[in-house]
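Structural features, examined
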Amino acid sequence: MTHTARRIGRTLALVLPVVMVLSGTLAVTRVPWSAHNTESQLLTAASETVSKRAKAHAPQDVLRDKLLLELREKDPGVALTELQRTVEARPSLARHCMSIAKALGKAAVDQYGPTRAHRFSRPVCDTSFASGVAQFS
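An account of the accompanying structure is given in this report. Given the structure is predicted, the values throughout are model-derived calculations rather than measurements.

What counts and what doesn't
- Residues numbered from 1 in each chain as written.
- Predicted model: local features only at pLDDT ≥ 70, side-chain atom pairs only at ≥ 80, totals over all residues.
- Heavy atoms only, no water.
- Axes fitted to C-alpha atoms, helices over the stretch in contact; angles between N-to-C directions.
- Helix = DSSP H or I, 4+ residues; strand = E, 2+ residues; numbered from the N terminus.
- Parallel < 35°, antiparallel > 145°, perpendicular 65-115°, else oblique.
- Left-handed = near helix turned anticlockwise from the far one by under 90°.
- Contact = heavy atoms within 4.5 Å.
- Nonpolar A, V, L, I, M, F, W, Y, C, P; charged D, E, K, R; others polar.
- Buried < 20%, exposed > 50% of the residue type's maximum accessible area, 1.4 Å probe, protein only.
- Phe/Tyr/Trp six-rings, centres within 6.5 Å; stacked < 30°, edge-to-face > 60°.
- Salt bridge = Lys/Arg side-chain N within 4 Å of Asp/Glu carboxyl O.

A few words on the packing of helix H4 (residues 59–73) against helix H6 (residues 97–112). Where H4 meets H6, the closest approach of the two axes is 10 Å, and the angle between their N-to-C directions is 25°. It follows that H4 is roughly parallel to H6 by the angle criterion. Handedness of the H4/H6 crossing: right-handed. On H6, the residues touching Gln 60, Leu 63, Arg 64, Leu 67, Leu 68, Leu 71 and Arg 72 of H4 are Ile 100, Ala 103, Leu 104, Ala 107, Ala 108, Gln 111 and Tyr 112. Across the contact of H4 with H6, the residue classes break down as 10 nonpolar, two polar and two charged.

Structure follows, in structure tokens:
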């Protein structure tokens with residue numbers, strides 16, 4: 001019994017790594033006999049369509065979309081206040097604060113015009129909202 005178990009163990013120890021390496025290698029290679037579309041030829045887990053979908057659900061993107069909707073429904077002041085509160089509550093979003101505030105500035109210019117949008121400016125994220133308003137005016 002011990003001899004049989006050892007023999008099975010040795011066989012698995014030799015065969016399993018080979019199978020794992022081959023399956024991993026085949027998973028990331030191109031398949032030339034497939035369709036002519038280059039995207040379908042790549043069989044990697046990090047394809048462009050997967051990474052775009054994953055980025056769409058990032059917390060900063062969700063926050064930006066929520067604040068842009070709030071800006072359209074109410075006004076930029078409400079959206080900026082919400083941005084400031086969210087960044088204070090979740091410091092991990094602080095590095096995205098400037099880009100979100102600039103996006104709010106652009107949306108405010110599109111909706112209210114440069115003069116009226118500039119009135120909503122306040123010192124959130126180093127005045128990035130004002131910078132966005134000025135940039136897109």
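Right, let's talk about helix H8 (residues 128–135) for a bit. Among the residues of H8, those classed as buried are Ser 128, Phe 129, Ala 130, Gly 132 and Val 133. On the buried face of H8, the contacting elements are helix H5 (76–89), H6 and helix H7 (114–118).

Turning to the packing of aromatic side chains, a few remarks are in order. Applying the stated rule across the entire model yields one aromatic pair. Relative to Phe 120, the ring of Tyr 112 lies with its centre 5.5 Å away and its plane at 45°, an arrangement referred to as tilted.

Before going further, it helps to examine the pattern of salt bridges. Under the criterion given, the structure shown has four salt bridges. Where Glu 82 meets Lys 66, a salt bridge forms, and the shortest distance between an N and an O atom there is 3.4 Å. With Glu 82 in helix H5 and Lys 66 in helix H4, this residue pair connects regions lying 16 residues apart in the sequence. Its relative accessible area of 21% is what places Glu 82 among the partly exposed residues. Given a relative accessible area of 41%, Lys 66 falls into the partly exposed group. Put simply, Lys 106 and Asp 110 hold a salt bridge, and the shortest N to O gap is 3.3 Å.

Read these as geometric descriptors, not functional statements.
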